[in-house]
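Notes for the structure review
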Amino acid sequence: VRDQGRDLREVPLAEIGGRWEIDWEGLERAAVVEGKAAKVLLLCHPHNPTGRVWGVEELRRLAAFAERHALWVVSDELHADLTLEGKFTAFANVAPEPVRGRTLTLTGPCKMYNTAGLGIGAMFSHDASLVARVMKKSTWVAGHPGAMSVAMWRAALKDDGLWRREVLAYLRENRDVVEAFVAERLPGVRMGHVEATYLAWLDYRGVMGEAAGRAQKVLLEEGRVMLNEGAMFGRGFEGFVRLNFATSRRILTEALERMARVHRRN
């Protein structure tokens, strides 16, 4: 956003009762700042890195907010196929007009099918002219899918779904392994329940206090476990780390054991 010379107004999620929620008051404050109205709402659904799947009522409330402030909406739904529990509902499916016509939805196969290197995705809207306007401005920014990536996505969509169901079942088990391990072996570290994605969002602030921002570095240097640093996801996430559990149970267990050893030493 800043690279395009625009004003970025971050609205961190609120943690309420151990669950990540939308900060509705924060959204309202960000809608108009010093008399300048926001123009675009960027929505991540399901949410990365917290793993939340926004429910129908939350989406309707977001749509009402967008309508009230005449916002364009970009809904990043790249992790939709990785919903582990509950039901995923696309934002545009519940947004009334005119919000639906002012919404761009982004998706692609790379998360579900682990094909990021093939570089293909899709952008669509109920208003075809909106897609055309964005494409005209993003000719050299958007990806350039080739024959292999197109063939891959077609094959994935034509599959009987068995592979996908087995992957989701394995990820649910991995999710449960991580949640149980954090609760039992990493005292003081907090983790919200993952409803979608293959990512665990770990809060080290209660363990390391003011030094929590160094958690990622300590785990890498002392445990040789490479996690994503929370600060890269925006303001207010210092002291968090993101763990990717889309791997074999053996590798996941080894990584968790290394984290536990670092935990004990420190």
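The structure under discussion appears in the preceding block.
Residues numbered from 1 in each chain as written. Predicted model: local features only at pLDDT ≥ 70, side-chain atom pairs only at ≥ 80, totals over all residues. Heavy atoms only, no water.

**Let's talk about empty space enclosed by the protein**
To find the voids left in a structure, one rolls a probe of water-molecule size over its atoms. What counts here: Think of a 1 Å grid over just the protein atoms. A cavity is a set of points where a 1.4 Å probe fits yet cannot get out, a pocket is an open set with protein on both sides within 12 Å along at least five of seven lines, and lining residues have an atom within 4 Å of a point. Grid points are joined across faces, edges and corners, and a volume is the space filled by probe spheres set on the points. What counts as a helix is a DSSP run of H or I of at least four residues, what counts as a strand is a run of E of at least two, and both are numbered from the N terminus.
One pass over the full model with this rule turns up one cavity of 30 Å³ or more. By volume, the largest cavity is sized at about 30 Å³. What lines the largest cavity is simply Ala212, Gly213, Ala215, Gln216, Glu229, Gly230, Gly239, Phe240 and Val241. Every element with two or more residues in the lining of the largest cavity is listed here: helix 9 (215-223) and strand 12 (240-244).

**Quick notes on helix 10 (residues 249-265)**
Definition in use: Under the convention used throughout, the expected extent of a helix is 1.5 Å for every residue step, that is, one less than its residue count. Relative accessibility thresholds used throughout: buried, under 20% of the residue-type maximum; exposed, over 50%; partly exposed, between the two (1.4 Å probe, protein chains only). What the arc measures is the spread of directions leading from the helix axis to the C-beta atoms. For this analysis, residues touch if any pair of their heavy atoms sits within 4.5 Å.
Taking 1.5 Å per residue as the helical rise, helix 10 with its 17 residues ought to reach 24 Å, and the 24 Å between its terminal C-alpha atoms agrees with that figure. Looking only at helix 10, the buried set comprises Leu252, Ala255, Leu256, Met259, Ala260, Val262 and His263. An end-on view of helix 10 places all buried positions within 160° of arc, on one side of the element. In this structure, helix 10 carries Arg250, Arg264 and Arg265 as exposed residues pointing more than 90 degrees from its buried face. Buried residues along helix 10 sit against helix 7 (162-185), strand 10 (199-203), helix 8 (205-208), helix 9 and strand 12.

**Re the nonpolar core**
Definition in use: Remark: nonpolar core denotes a set of buried residues (Ala, Val, Leu, Ile, Met, Phe, Trp, Tyr, Cys) joined through side-chain atoms within 4.5 Å.
Residues Val178, Leu186, Leu202, Tyr204, Leu243, Phe245 and Met259 are the most contacted members of the largest nonpolar core, which totals 31 residues. For this core, the elements supplying multiple residues, two or more each, are helix 7, strand 10, helix 9, strand 12 and helix 10. In terms of residue count, helix 10 provides more of this core than any other element does, six residues in total. Not counting chain neighbours up to four residues away, the residues in contact with Leu202 comprise Val182, Val189, Arg190, Met191, Gly239, Phe240, Val241, Leu243 and Met259.

**Concerning the packing of aromatic side chains**
We count it as follows: Each Phe, Tyr or Trp ring (for Trp, its six-membered ring) is paired with any other whose centre lies within 6.5 Å, and the angle between the two planes then decides the class: stacked below 30 degrees, edge-to-face above 60, tilted in between. Distance and angle both matter: a charge sits over a ring if NZ of Lys or CZ of Arg is within 6 Å of the ring centre and within 35 degrees of the ring normal.
Per the counting criterion, the structure on display carries seven aromatic pairs. Consider the rings of Trp201 and Phe237, whose centres lie 5.1 Å apart with planes at 85°: the pair is edge-to-face. Pair noted here: Trp201 is in strand 10 and Phe237 is in the loop between strand 11 (228-229) and strand 12, with a separation of 36 residues, a long-range link. An aromatic cluster is built from Trp20, Trp201, Phe233, Phe237 and Phe240, whose rings are joined through pairwise contacts. Over the ring of Trp72 we find Arg102, and its NZ or CZ is 3.9 Å from the ring centre.

Don't take any of this as a statement about function, it's just geometry.
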